[in-house]
Amino acid sequence: MQSSEAPPEIFDRKRRYAMRQRAHRHAARAFLWQYIAQELKERLALVTRELQDVLLIGPIAAFAGEILGDRSCAVHIVDIVDPTLPSMVRAEEDRLSYKQHSFDLVVSAGVLDSVNDLPGALIQIRHILKPDGLFLGHMFGAGSLATLKSRMVAAEAPVATPHIHPQIDLRSAADLLSRAGFTLPVADGDMLPVRYGDWRTLVRDLRDAGIGNALTGPRRYLGRDYMARLDRAWQAGADPSGRCEEQFMHLFLSGWSPSANQPKPARRGSGEVSLASILRPADKG
């Protein structure tokens, strides 16, 4: 018997909104979004079919022109910030309200890793896609911000506080696509290294991108000298030039809405050549 209870709210929706509102004001400095947009553009360039209705979810909508290029299509936008465009709707990624089979393409980037109901969000995206519609997704995956995490742990010893939410790995992302009902699911990872002279610049980049800590619960007071301790921990691991390398693991996802005209795997047992006969060593003469 399946439970009808809603998934736990591990992310504070008000905090997510506040973070994204700040990021919206500083979007011009968010190099992470520019990198994601370029990668999505290259993936979409492989798709030659006509796109009539496109939905962009999250801050990536600011790069619609770069991602879509010269395609002529109706572009709709969903974000949790206040609407600023006629085609923009304010909604959360796991609370979409569009009708089934509304879009040829749905793009959601940089926000799925902090959604309370990630499986539900993916299922909703599949439902609003037209048959044989394409989903392109992105999230920050496991392995991101390993340097900042380790320096914070060192600065807070002996008691560490979570500052960054748990992140999904590549295999789990691929499994989620399949569980959500997408066909031809693909998940690939791309580790982007960035070198920083101090942790404050890194934290500013995270805030500009709106991807900081949105976990529920109170924040623990870390003491007056916490930033000084973090400075020492950062410099202790720096290279001779005074810089530390940080990592951003980008997970890129793609999947298609099921359609009767899609290629399907051959029926089990329908092969005419035995794999065993191919792999069997040749007889020696």
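Residues numbered from 1 in each chain as written. Predicted model: local features only at pLDDT ≥ 70, side-chain atom pairs only at ≥ 80, totals over all residues. Heavy atoms only, no water.

What about the sheet that holds strand E5 (residues 129-140)?
Judged by pairing direction, the sheet is mixed, and its 7 strands sit side by side in the order E3-E2-E1-E4-E5-E7-E6 without closing on themselves. Across the chains shown, the open sheet's two edge strands, defined by having one partner strand only, are strand E3 (88-90) and strand E6 (183-196). With direction set aside, neighbouring strand axes in the sheet form an average angle of 15°. In terms of strand pairing, E5 meets strand E7 (residues 244-256) through 7 bridges, oriented antiparallel. Bridging across to E7, Gly137 finds its partner in Leu253. The strands touched by helix H6 (residues 170-179) are E5, E6 and E7; relative to E6, the strand with the most contacts, the crossing angle is about 150°. (Pairing = 2+ DSSP bridges. Helix = DSSP H or I, 4+ residues; strand = E, 2+ residues; numbered from the N terminus. Axes fitted to C-alpha atoms, helices over the stretch in contact; angles between N-to-C directions. Contact = heavy atoms within 4.5 Å.)

Here we look at the side chain of Asp113
Residue position: Asp113 is located in the loop between strand E4 (103-109) and helix H4 (118-128). Discounting residues that sit within four places of it in the chain, Asp113 has contacts with Phe11, Met139, Phe140 and His165.

Let's talk about the side chain of Asp208
The topology assignment puts Asp208 in helix H7 (residues 199-209). Classification of Asp208 as buried rests on a relative accessible area of 0%. Only 3.1 Å separates the side chain of Asp208 from the side chain of Arg22, close enough to count as a polar contact. (Buried < 20%, exposed > 50% of the residue type's maximum accessible area, 1.4 Å probe, protein only. Polar contact = N/O pair within 3.5 Å; in protein donor to acceptor, adjacent residues only side chain to side chain.)

Remarks on helix H5 (residues 146-156)
Regarding H5, the residues found buried are Thr147, Leu148, Arg151, Met152, Ala155 and Glu156. Projected down its long axis, H5 carries its buried residues within an arc of 155°, all on one side. Buried positions along H5 lie against H7, helix H8 (226-236) and E7. (Arc of directions from axis to C-beta.)

A few points about the nonpolar core
Generally speaking, soluble globular proteins have nonpolar side chains that are buried together. Leu40, Leu44, Ile60, Leu105 and Phe248 are the most contacted members of the largest nonpolar core, which has 49 residues in total. The element contributing the most residues to this core is helix H2 (residues 31-44), with 6 residues. What Leu105 contacts, discounting residues up to four positions off in sequence, is Leu44, Leu51, Asp53, Val54, Leu55, Leu68, Leu129, Leu134 and Leu136. (Core = buried A, V, L, I, M, F, W, Y, C linked by side-chain atoms within 4.5 Å.)

Some remarks on unusual backbone geometry
The phi torsion of most residues other than glycine is negative, and most of the peptide bonds are trans. Backbone geometry at His101 places phi at a positive 60°, although glycine is not the residue there. Along the chain, the position of His101 falls in the loop between E3 and E4. Of the residues examined, His101 reaches a relative accessible area of 42% and is grouped as partly exposed. Of note in this structure, Leu184 is not a glycine but carries a positive phi near 50°.

As for the layout of surface pockets
Taken as a whole, the largest pocket spans an internal volume of roughly 730 Å³. Lining the largest pocket are 29 residues; nearest its centre among them are Met152, His163, Val203, Arg207 and Asn213. Of all the secondary-structure elements, those providing two or more residues to the lining of the largest pocket are helix H1 (13-25), H5, H7 and H8. No other element matches H7, which puts 6 residues into the lining of the largest pocket. In terms of residue class, the lining of the largest pocket is built from 16 nonpolar, 7 polar and 6 charged. Each pocket or cavity is described by its volume, and for the second largest pocket that value is around 250 Å³. Lining the second largest pocket are 19 residues, with His24, Gly58, Pro59, Ala62 and Asp79 positioned closest to its centre. Going through the elements one at a time, H1, strand E2 (74-79) and H7 are the ones with two or more residues in the lining of the second largest pocket. Among the elements that take part in the lining of the second largest pocket, H1 stands out by supplying 3 residues, more than any other. Considering only residue class, the lining of the second largest pocket consists of 13 nonpolar, 3 polar and 3 charged. (1 Å grid on protein atoms, 1.4 Å probe; cavity = no way out; pocket = protein on both sides within 12 Å on 5 of 7 lines; lining within 4 Å. Points joined across faces, edges and corners; volume = space filled by probe spheres on them. Nonpolar A, V, L, I, M, F, W, Y, C, P; charged D, E, K, R; others polar.)

These results come straight from atomic positions and should not be treated as a statement about function.
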